[in-house]
Every structure is written in structure tokens, then in C-alpha cells.
Amino acid sequence: MLNETPLTTIQQLETLIVIDRSIHPLRQIASSFVGAMNDWDTEGQISIAEFIKETKDFFGTPLTIDAINNKPIGLSNNSAWKYEAGSSLVEMIRLSQQVYQQSDFDQIAEDMISYYQKQLEKIDFLADLKYLDTSEGGRKTPAFSKYRPQIKFGFDDMQTSGEQTFINKTVVNPGEEVEASIRIIAVDHFKNRLQEGMAFEFREGPRIIGTGVIVQLLNEKLRKKI
């Protein structure tokens, strides 16, 4: 089942870029966009849409390289960070022009969000995983990224297949640790039952081969109601 959580926040996008192991221009474009958001004084603002609105209110619409570069520099130092953010947006638009022949900021942002929305659909949560050593009952052979053991949480007898996509690794040996994005099958069964910091086991049949801890929930359907 796909993660239906909409991609709307700065934190979501930044997380997806960090775990994106591919090297491609859209990742560079998104990194420049996140750099602009981090330079912008958001004052607690977490919405991508709000950030875009604020930049347009400041630099003008349509949001173009000329509009950003020609914005008069104010006398107040309070807006210096806005020009820093503008520099990152210029970099974003220029890269899109070079690679995709696209300079329309709204279309660039739409394409970027659409791409990472599809990536978000494949992830339910991020986790720190610890593979047991062979002497502890763990695997005798390495595990490769996209491996699908059974996941079991302590509060429920049910096990669910959980695909592990390793971050910054392709192979994990018995006894090693790794960060991974996890996609589970039984989303409806675990609806509103999971939270950050929750521990779990992963297994091959009845045999425990490792343990994990949820670091960040990306599927809001799974989040436990407080």
C-alpha cells in the first residue's frame, strides 16, 4: 500500500533529499530549494507553500532570476537572509534552465515536489537497524538493500513484510548497523499505532535476525494518536 501522506513541509522534503541515493539534476535543484528555505527566516514556518508565497511577496511575481537579482537591497540588515535565500533560488532556476530548458519557477517547484511525492509514497518510516551477528543467531550471509524480512512490534503478535532500503550502503553484514527506509505491507493493521522511538524485531520465519528503532515516521496514517 502506498503512503498517501502529502508532501507539504520543509522537513519532509529535506529528509527525502538526504535519503535520496541517486545522483541526478532534480536532486541538486531540490537541494538549492531547501538551501533557500533554510536561509529564509521562517519564524517557525514549516509549509513549502507558505515559503513560496513569502518569496513571491518579497521578490515579486513571476519569480524569475531578474526579479530576484534586481530587487533593491534595503537598508535594514533584517532582510539580508532573504537575499541569501534568493541566491539559492537563482541557482535552482539556472540549473533547471541548463538541464531541462525550464525557467518557470512554479513549474520547476511542481516537478520537484511531484518527484519527491512519488518517493514518499514508497516509505513508511526511517529506522536504525542492528543486524545480529551470526554467533547471536543472525544471518550467515550479508543482506542487500531492498531485503524484505518480517517485522514484529512488541505490542502485537502480527508480523508484516518490511522492505529495507539501506541509506548510504548497499550491503550489510551480520553484526553491522545501518540506517534504512522501511516500507511495510500491513499499513491498515498498524494504523495509528506507531511512533518515533518504538523498537521492533525483524525476522526470517521465527528466527530473529536483527532489531530496529523507528527514527522518523513519514506515513502519518501510522502515527499513534496522543
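Remember, it's a predicted structure, so these values are computed and weren't measured experimentally.

Describe a positive patch on the surface, listing the residues and the values that go with them.
On the surface, a cluster of positive charge is contributed by Arg21, Lys118, Lys122 and Lys146. Its location among the elements puts lysine 118 in helix α6 (residues 105-120).

Go over the packing of aromatic side chains with me, naming the residues and quoting the values.
When we look at a pair of aromatic rings, we describe it by the centre distance and by the angle of the planes. Counted under the stated rule, the structure contains 18 aromatic pairs. Consider the rings of tryptophan 40 and phenylalanine 58, whose centres lie 6.1 Å apart with planes at 80°: the pair is edge-to-face. Linking tryptophan 40 in the loop between α2 (25-39) and α3 (48-59) with phenylalanine 58 in helix α3, this pair joins segments that are 18 residues apart in sequence. Ring plane angle 75° and centroid distance 5.6 Å describe the contact between phenylalanine 58 and tyrosine 83, whose orientation is recorded as edge-to-face. Of this pair, phenylalanine 58 sits in helix α3 while tyrosine 83 is found in helix α5 (residues 80-100), placing the two residues 25 residues apart along the sequence.

So what's going on with the sheet that holds strand β6 (residues 177-184)? Residues and values would help.
A barrel is described by the order of its strands in space; here six strands give the closed sequence β1-β6-β4-β3-β7-β8, paired in antiparallel fashion. Across the sheet, the axes of successive neighbouring strands diverge by a mean angle of 45°, strand direction being ignored. Sheet analysis places strand β3 (residues 150-153) next to strand β7 (residues 199-204), joined by four bridges and oriented antiparallel. Paired with glutamine 150 across the two strands is arginine 203, which belongs to β7.

Before we move on, can you summarise α2 with the specific residues and values?
Compared with the 21 Å implied by 1.5 Å per residue over 15 residues, the 21 Å span of α2 between its first and last C-alpha is a close match. On its buried face, α2 sits against α1 (10-19), α3, α5 and α6.

Account for α1, naming residues and giving values.
The element α1 is largely enclosed, with a buried count of seven among its ten residues. Along α1, the positions that sit buried rather than exposed are Ile10, Gln12, Leu13, Thr15, Leu16, Ile17 and Ile19. Tucked into the core, α1 has its buried residues touching α2, α3, α6, β1 (125-131) and β8 (207-217).

I'd like a rundown of the pattern of salt bridges, residues and numbers included.
For side chains bearing opposite charge, pairing can occur when the charged atoms are close. The tally for this structure, following the rule as stated, stands at eleven salt bridges. Counted as one network, the salt bridges with shared partners bring together Arg139, Glu204 and Arg207.

Break down the environment of isoleucine 29 for me, citing the residues and quoting the values.
Along the chain, isoleucine 29 falls in helix α2. Judged by its relative accessible area of 1%, isoleucine 29 falls in the buried class. Separated by 31 residues in the primary sequence, isoleucine 29 and glycine 60 have C-alpha atoms spaced 21 Å apart. With near-sequence residues (within four places) excluded, isoleucine 29 lies in contact with Met92, Leu95, Ser96, Tyr100 and Ile108.

Outline the pairing of strand β4 (residues 159-166), supporting the account with residue identities and numerical values.
Each regular strand carries side chains that alternate between the two faces of the sheet. Within β4, seven of the eight residues are buried, leaving the element largely enclosed by the surrounding structure. With three bridges connecting them, β3 and β4 associate as antiparallel partners. Looking at the pairing, lysine 152 lines up with glutamine 159 of β4. Here β3 folds back onto β4, and the loop between the two strands holds five residues. Here β4 runs beside β6; their pairing, made up of five bridges, is antiparallel. The partner of glutamate 163 across the bridge, within β6, is arginine 183.

Quick notes on the rules
Residues numbered from 1 in each chain as written. Predicted model: local features only at pLDDT ≥ 70, side-chain atom pairs only at ≥ 80, totals over all residues. Heavy atoms only, no water. Patch = residues over 30% accessible without salt bridge, like charges linked within 9 Å, V, L, I, M, F, W, Y side chains within 5 Å. Areas by Shrake-Rupley, 256 points an atom, 1.4 Å probe, with all protein chains shown as cover. Salt bridge = Lys/Arg side-chain N within 4 Å of Asp/Glu carboxyl O. Lys, Arg positive; Asp, Glu negative; His and termini not counted. Charge placed at Lys NZ, Arg CZ, Asp CG, Glu CD. Helix = DSSP H or I, 4+ residues; strand = E, 2+ residues; numbered from the N terminus. Phe/Tyr/Trp six-rings, centres within 6.5 Å; stacked < 30°, edge-to-face > 60°. Pairing = 2+ DSSP bridges. Axes fitted to C-alpha atoms, helices over the stretch in contact; angles between N-to-C directions. Expected span 1.5 Å × (residues − 1). Contact = heavy atoms within 4.5 Å. Buried < 20%, exposed > 50% of the residue type's maximum accessible area, 1.4 Å probe, protein only.

By themselves, these figures tell us nothing about what the structure is for.
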